[in-house]
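# Summary of structural features
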Amino acid sequence: MRMDSASMQFVLFGLIVAAISNMSGSCIWRRMVLLSASLVFLGLLSHSAAPLVPLVGFLLLGYLGLSMLERGWHQLALWSILAIIFTYIWLKKYTFLPDGIFLRFPYFTLGLSYIFFRVLHLLIEAGNRSGQRSIDFGAYLVYTLNFTTFISGPIQRYDLFAADQFAAQPIPLGSRVIGLQMERIVRGFFKVNVLGTVFHMIHERALEQLSQPLPTDDKLFFAFQLAVTYPFFIYVNFSGYIDIIMGIGRLMRIRLPENFERPFSAASFLEFWNRWHITLSNWLKMYVYNPLLLMLMRRISSVSLESYLGVFCFFVTFFLIGIWHGRTSEFAVYGIMLGGGAAANKLWQTFLTARLGRKRYKALATKP
């Protein structure tokens, strides 16, 4: 059974789950339906229990750390976070670790990257809050294994998820909302399975032509074609998936955060990344960029260096985005290029602001 996030089987599965979920307005019912559906979805992806053992271990380790922090053992906060980060790197088999320490049997890692962000979010927030209600194991599993966001996000904060999923009264779902969500699901399905197929065909043809003994002008044409079509191929696949799961989630009375906001209409490189994979950018801004910048500003009090500290933090944040996407040295290079591009853009922005003044730079930045 093909259960990737843009298949007809997945859409039907999501619609059936949404229909069952709406049979009762009870919070307990909706919670049981979502957890059961997520476990069934996981079973359909894995086909057997043995490959899921490391994933189960990862989830248990995360909940153990969360439980300790909620009991006031805040001195273990850093160790819990580091344990989860190392376990994630180990399970993903990042190539900078010694090969001998990895597990030798095939196991399931699909969705681990997004589970990692959710578990880490819970641990960080548990270390920061005091006197708040603990998260029980069932709620923890419903949040971390939510089948709608399992494969490719978006990354949702627990408090926003719980506000809808665990509310005594579910959010309204009228005929107009249902119609809009069905339209969004169809739009997403069209993006992935029609536009995505077209861009993929152009991409494959360009790759094939580049391997042929063609004149330089023809090779440049196909290289240009490849460079232009590939970003759109990624966009229609990713945003189409988001449209599908946003629609299904809303039919289940869960409001998922938007992940795209017309990124190709952005006026700058940095604005593009504020519009593309928005939940990832926001997560890293909250838990990497802001804390790192604050720490550096506390240690380096020079006002003149303040903006350059921001440049450095941009590099670190975007470098982490790069290496999160893959475990090999190629993704480290990608992270350096991405971080370098973001830092260079931020540096240029800082330079122009200093030279022109804030008002003149703002006016300039609004022009195409």
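So, a few notes on the structure that sits alongside this text.

Criteria and thresholds
Residues numbered from 1 in each chain as written. Predicted model: local features only at pLDDT ≥ 70, side-chain atom pairs only at ≥ 80, totals over all residues. Heavy atoms only, no water. Patch = residues over 30% accessible without salt bridge, like charges linked within 9 Å, V, L, I, M, F, W, Y side chains within 5 Å. Areas by Shrake-Rupley, 256 points an atom, 1.4 Å probe, with all protein chains shown as cover. Salt bridge = Lys/Arg side-chain N within 4 Å of Asp/Glu carboxyl O. Helix = DSSP H or I, 4+ residues; strand = E, 2+ residues; numbered from the N terminus. Core = buried A, V, L, I, M, F, W, Y, C linked by side-chain atoms within 4.5 Å. Buried < 20%, exposed > 50% of the residue type's maximum accessible area, 1.4 Å probe, protein only. Contact = heavy atoms within 4.5 Å. Axes fitted to C-alpha atoms, helices over the stretch in contact; angles between N-to-C directions. Parallel < 35°, antiparallel > 145°, perpendicular 65-115°, else oblique. Left-handed = near helix turned anticlockwise from the far one by under 90°. Nonpolar A, V, L, I, M, F, W, Y, C, P; charged D, E, K, R; others polar. Phe/Tyr/Trp six-rings, centres within 6.5 Å; stacked < 30°, edge-to-face > 60°. Lys NZ or Arg CZ within 6 Å of the ring centre and 35° of its normal. Arc of directions from axis to C-beta.

Side chains of Met8, Leu12, Ile16, Ile20, Met23 and Trp29 sit close together on the surface and give an oily, nonpolar patch of about 580 Å² of accessible area. Among the elements that make up the nonpolar patch, the one with the highest residue count is helix α1 (residues 8-21) (four residues).

The next point concerns the nonpolar core. Membership of the largest hydrophobic core comes to 94 residues, with the highest contact counts inside it found for Leu55, Phe58, Tyr140, Phe147 and Phe150. Looking at this core, the element that brings in the most residues is helix α5 (residues 112-128), giving eleven residues. Not counting residues up to four positions away in its chain, the partners in contact with Leu55 are Leu42, Phe108, Leu112, Ile115 and Phe150.

For the rest of this paragraph, the subject is the pattern of salt bridges. Side-chain pairs of opposite charge can arise where the charged atoms are in close proximity. Enumeration according to the criterion identifies nine salt bridges in this entry. Here Asp243 ties to Lys191 by a salt bridge, and the two come within 2.9 Å at their closest N and O atoms. Of this pair, Asp243 sits in helix α9 (residues 216-251) while Lys191 sits in helix α8 (residues 175-210); the two residues are 52 residues apart in sequence, bridging distant segments of the chain. By the burial criterion, Asp243 is buried, and Lys191 matches it.

Looking now at the packing of helix α12 (residues 306-324) against helix α13 (residues 329-356). Where α12 contacts α13, the two axes come as close as 7 Å, and the packing angle between them is 155 degrees. Taken together, the axes of α12 and α13 are roughly antiparallel relative to one another. Crossing angle aside, the handedness with which α12 passes α13 is right-handed. Partitioning the contact of α12 with α13 into residue classes produces 16 nonpolar, six polar and one charged.

Next up on the list: the packing of aromatic side chains. According to the stated counting rule, one finds 41 aromatic pairs in the structure shown. Where Phe13 meets Phe147, the ring centres are 5.3 Å apart and the plane angle is 80 degrees; that geometry is what we call edge-to-face. Of this pair, Phe13 sits in helix α1 while Phe147 is found in the loop between α6 (137-145) and α7 (158-165), placing the two residues 134 residues apart along the sequence. The residues Phe13 and Phe147 share a single accessibility class, namely buried. Ring centres 6.3 Å apart and planes at 85 degrees place the aromatic pair Phe41 and Phe150 in the edge-to-face group. Taken as a pair, Phe41 in helix α2 (residues 27-46) and Phe150 in the loop between α6 and α7 lie far apart in primary sequence, 109 residues in all. Clustering of aromatic rings is evident, with ring pairs tying together Phe199, Phe232, Tyr235, Phe238, Phe260, Phe264, Phe272, Trp273, Trp276, Tyr289, Phe314 and Phe318. The positively charged end of Arg31 is found above the aromatic ring belonging to Phe166, 5.4 Å away from the centroid.

Quick look at the packing of helix α4 (residues 77-91) against α5 now. Contact pair α4 / α5: the axes reach a minimum separation of 10 Å and the direction vectors enclose 175 degrees. Considered as vectors, α4 and α5 are oriented roughly antiparallel to each other. Mapping the contact onto sequence places Ser80, Ile81, Ile84, Ile85, Tyr88 and Leu91 in α4 and Leu112, Ser113, Phe116, Val119, Leu120, Leu123 and Ile124 in α5. Its residues assigned to classes, the contact of α4 with α5 comprises eleven nonpolar, two polar and no charged.

Turning our attention to unusual backbone geometry. A cis geometry characterises the amide bond from Gly153 onward to Pro154, with omega recorded as 5 degrees. With a phi angle near 60 degrees, Lys93 is a residue other than glycine that sits in the positive phi range. With respect to the helices and strands, the residue Lys93 is situated in the loop between α4 and α5.

Within the fold, Ser329 resides in helix α13. Taking the relative accessible area as the measure of exposure, Ser329 reaches 48% and is therefore partly exposed. Note: C-alpha distance between Ser329 and Tyr94 (235 residues apart in sequence) is 8.9 Å.

Right, let's get into α7. Buried within α7 we find Tyr158, Phe161, Ala162, Asp164 and Gln165. Down the axis of α7, the sector holding all buried residues measures 165 degrees, keeping them to one side. Packing partners of the buried residues in α7 comprise α2, α5 and α6.

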